[in-house]
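Residues per chain, in single letters:
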Amino acid sequence: MKSSSITLCGNLILDIVNEVPSFVESGSNICLKKNNTVGAIGNIVSFISMLDNDTTIDVQGAVGIDRDGRYIIKWLENFKKLNNQNISCNIQELKNHPTSNAYIISDLSSRKRTSIVQWGACTEIKNYSNKNKWFHLLYADTLSNINLLDLEKISKKAIISMDLCLHSHHFQKKSMILKSLEYVDFLIASDMELLSVTGLKNKNKAVKLLGSLCRGWCIMHFPEGSVSSNGDDVIELQVEAIKKDINVLGAGDMFFSSFFTNMNGQDINKDNVQTALKHSHKTTGAFLQGENHVNLVSLYL
């Protein structure tokens with residue numbers, strides 16, 4: 001495998017995850033397990049380390065000057081020490097913004113989640129830098145602004161990927177995302193996120209539209225598989241349904257981590273993208289349904 005390096009920029013958030021057997025509205029719910037985790041960046045750092053421990057990782061983002069921010073920084077420090085992972089951190093500590101946090105209820109029976117989110121410092125990162133072969137912008141639609149000048153500069157020497165978070169976007173957010181796509185090699189997001197950005201109801205039409213705006217490919221993933229397009233070619237993949245009563249939180253992060261690991265050093269063409277996507281689906285499904293499925297990001301507290 002060729003040496004790999006990636007910058008993870010954006011979503012530094014403390015997630016408080018509660019697993020319940022079956023979520024009941026307007027009633028009491030039994031919590032089976034509770035974990036504090038470092039959100040999507042923590043998931044991706046963990047998964048990439050598991051798939052390829054030689055990857056160089058640079059984490060960029062912002063936290064508040066508070067307990068949650070110290071927790072996130074300490075978690076990254078501990079992970080680096082315990083895993084001998086080459087991780088560097090460029091984390092801003094902002095005075096006037098709290099660390100972003102989310103209270104998450106993961107319903108095991110329906111494989112759905114309910115979240116209460118307080119967005120804070122991580123949405124205020126203004127500038128990006130990159131010295132690696134790949135740059136991944138997390139939760140781009142939660143940022144107060146996307147720095148197009150920095151993206152353009154980074155795109156000249158690196159692959160750029162981007163993911164989203166929100167299921168509803170106002171006009172300004174949609175415009176911000178669409179303007180950034182000319183620098184993006186891989187827009188990777190869920191069906192709900194991408195349908196909201198386009199305002200379309202048909203998955204294939206939404207993916208093909210966004211793929212035509214990307215420098216590379218738009219990849220839409222959902223429980224039954226994925227649809228991807230560069231505006232011309234379309235890749236449709238179906239997967240076996242994941243069994244019930246498991247926590248699927250972080251599935252999208254595993255999907256991206258596997259995709260990155262498999263696309264590393266490869267030319268961006270239909271055959272290579274399709275091969276990487278197949279590996280991503282297989283890896284994600286095996287991890288979620290395996291006997292050793294644990295919440296990795298809770299291990300380094």
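Each residue is numbered by its place in its chain's sequence as written, counting from 1. Predicted model: local features are reported for residues with pLDDT of at least 70 only, side-chain atom pairs are reported and counted for 80 or more only, and whole-chain, interface and lining totals are derived from all residues. Calculated side-chain values reflect all of the structure's heavy atoms, with hydrogen atoms and water omitted.

### Here's the deal with the overall build of the protein
Line of reasoning, step 1. If you tally the helices and strands in the protein, you get 8 helices and 13 strands.
Line of reasoning, step 2. Between the two quantities, the radius of gyration covers C-alpha atoms and the globule rule is 2.2 Å times the number of residues to the power 0.38. Here the C-alpha radius of gyration of the protein, 18 Å, is about what a compact globule of 301 residues would show, namely 19 Å.
Line of reasoning, step 3. For the C-alpha atoms alone, the extent of the protein along its principal axes is close to 50 × 40 × 40 Å.
Line of reasoning, step 4. For the accessible areas, the method is Shrake-Rupley and the probe is 1.4 Å, while residue cover comes only from the protein chains on display. For the protein, the computed accessible surface area is about 14200 Å², with 48% contributed by carbon and sulfur atoms.
Line of reasoning, step 5. Counting rule for charge: Lys and Arg are taken as positive, Asp and Glu as negative, and neither His nor the chain ends is counted. One atom stands in for each charge, and that atom is NZ of Lys, CZ of Arg, CG of Asp or CD of Glu. The averaged location of the 30 negative side-chain charges in the protein is 2 Å from the averaged location of its 31 positive side-chain charges. Think of it this way: any DSSP run of H or I at least four residues long counts as a helix, any run of E at least two long counts as a strand, and we number them from the N terminus.

### Some details on the environment of Glu 224
Line of reasoning, step 1. Inspection of the secondary structure puts Glu 224 in the loop between strand 11 (217-222) and strand 12 (225-229).
Line of reasoning, step 2. The classification of residues rests on relative accessible area computed with a 1.4 Å probe and restricted to protein chains. Under 20% of the type maximum is buried, over 50% is exposed, and intermediate values are partly exposed. Since its relative accessible area comes to 47%, Glu 224 is described here as partly exposed.
Line of reasoning, step 3. Glu 224 sits 39 residues away from Met 263 along the chain, and the two C-alpha atoms are 22 Å apart.
Line of reasoning, step 4. Contacts were defined at the residue level, with two residues in contact if any of their heavy atoms lie within 4.5 Å. When residues no more than four places from it in sequence are discounted, the contact partners of Glu 224 are Leu 237, Gln 238 and Val 239.

### Focus: the nonpolar core
Line of reasoning, step 1. Among the buried residues, those of types Ala, Val, Leu, Ile, Met, Phe, Trp, Tyr and Cys that are joined through side-chain atoms within 4.5 Å form a nonpolar core. Membership of the largest hydrophobic core comes to 39 residues, with the highest contact counts inside it found for Val 45, Trp 134, Phe 186 and Phe 259.
Line of reasoning, step 2. When sequence neighbours within four positions are dropped, the list of residues in contact with Phe 186 reads Trp 134, Ile 159, Ile 160, Ser 161, Met 162, Trp 217, Ile 219, Phe 259, Met 263, Ile 268 and Val 273.
Line of reasoning, step 3. Membership of the second largest hydrophobic core comes to 32 residues, among which are Met 176, Leu 194, Ala 206 and Phe 222.

### Some points on the sheet that holds strand 9 (residues 159-162)
Line of reasoning, step 1. The strand order across the open sheet formed by 9 strands is 5-4-1-8-9-10-11-12-13, and the pairing between neighbours is mixed. Every other strand in the sheet has two partners, leaving strand 5 (87-94) and strand 13 (234-238) as the edge strands with one partner each. Looking at each pair of strands side by side, their axes are set apart by 15 degrees on average, direction ignored. Strands pair, by our definition, only if DSSP identifies at least two bridges between them. To obtain each axis, a line is fitted to C-alpha atoms, and for helices this fit is confined to the stretch in contact; angles are then taken between N-to-C directions over 0 to 180 degrees.

### Regarding the pattern of salt bridges
Line of reasoning, step 1. Each reported salt bridge corresponds to a side-chain nitrogen of Lys or Arg within 4 Å of a carboxyl oxygen of Asp or Glu. Evaluated as defined, the whole model comprises 3 salt bridges.
Line of reasoning, step 2. With a shortest N-O distance of 2.7 Å, Asp 185 and Arg 215 are connected by a salt bridge. Taken as a pair, Asp 185 in the loop between helix 4 (171-180) and strand 10 (186-190) and Arg 215 in the loop between helix 6 (203-213) and strand 11 lie far apart in primary sequence, 30 residues in all.
Line of reasoning, step 3. Owing to a relative accessible area of 5%, Asp 185 belongs among the buried residues under this scheme.
Line of reasoning, step 4. A salt bridge links Asp 191 to Lys 203, with the shortest nitrogen-to-oxygen separation between them at 3.5 Å. One end of the pair, Asp 191, is in helix 5 (residues 191-198); the other, Lys 203, is in helix 6, with 12 residues separating them in the sequence.

### Some points on a nonpolar patch on the surface
Line of reasoning, step 1. There is a patch of nonpolar side chains on the surface, built from Leu 178, Leu 200, Leu 209 and Leu 213 and spanning about 280 Å² of accessible area.
Line of reasoning, step 2. Mapped onto the fold, Leu 200 is located in the loop between helix 5 and helix 6.
Line of reasoning, step 3. Note on Leu 200: relative accessible area 32%, which makes it partly exposed. Like charges are joined within 9 Å and nonpolar side chains (Val, Leu, Ile, Met, Phe, Trp, Tyr) within 5 Å, but only among residues with over 30% relative accessible area and no salt bridge; these make up the patches.

### Some details on the packing of aromatic side chains
Line of reasoning, step 1. Each Phe, Tyr or Trp ring (for Trp, its six-membered ring) is paired with any other whose centre lies within 6.5 Å, and the angle between the two planes then decides the class: stacked below 30 degrees, edge-to-face above 60, tilted in between. Throughout the structure, instances matching the rule amount to 9 aromatic pairs.
Line of reasoning, step 2. Summarising the aromatic geometry, the rings of Phe 47 and Phe 287 are spaced 5.3 Å apart at their centres and angled 75 degrees between planes, so their arrangement reads as edge-to-face. You can see Phe 47 sitting in helix 1 (residues 39-51) and its partner Phe 287 sitting in helix 8 (residues 270-289), a full 240 residues away along the chain. Phe 287 matches Phe 47 in its accessibility class, with the two residues each being buried.
Line of reasoning, step 3. With centroids separated by 5.1 Å and ring planes inclined at 90 degrees, the aromatic side chains of Trp 134 and Phe 260 adopt a geometry described as edge-to-face. One end of the pair, Trp 134, is in strand 8 (residues 134-137); the other, Phe 260, is in helix 7 (residues 251-263), and 126 residues separate them in sequence.
Line of reasoning, step 4. Aromatic rings pair up to connect Trp 134, Phe 186, Phe 256, Phe 259 and Phe 260 into one cluster.
Line of reasoning, step 5. Consider the ring centre and the ring normal. A charge sits over the ring if Lys NZ or Arg CZ is within 6 Å of that centre and within 35 degrees of that normal. Taking NZ or CZ as reference, Lys 203 lies 3.9 Å from the ring centre of Phe 222, over its face.

### Here we look at the side chain of Asp 15
Line of reasoning, step 1. Mapped onto the secondary structure, Asp 15 falls in strand 2 (residues 13-20).
Line of reasoning, step 2. By relative accessible area, which is 11% here, Asp 15 ends up buried.
Line of reasoning, step 3. Beyond its immediate chain neighbours, meaning those up to four positions away, Asp 15 contacts Asn 35, Asn 36, Thr 37, Gly 39, Ala 102 and Ile 104.

Read these as layout, nothing more, since geometry by itself doesn't imply function.
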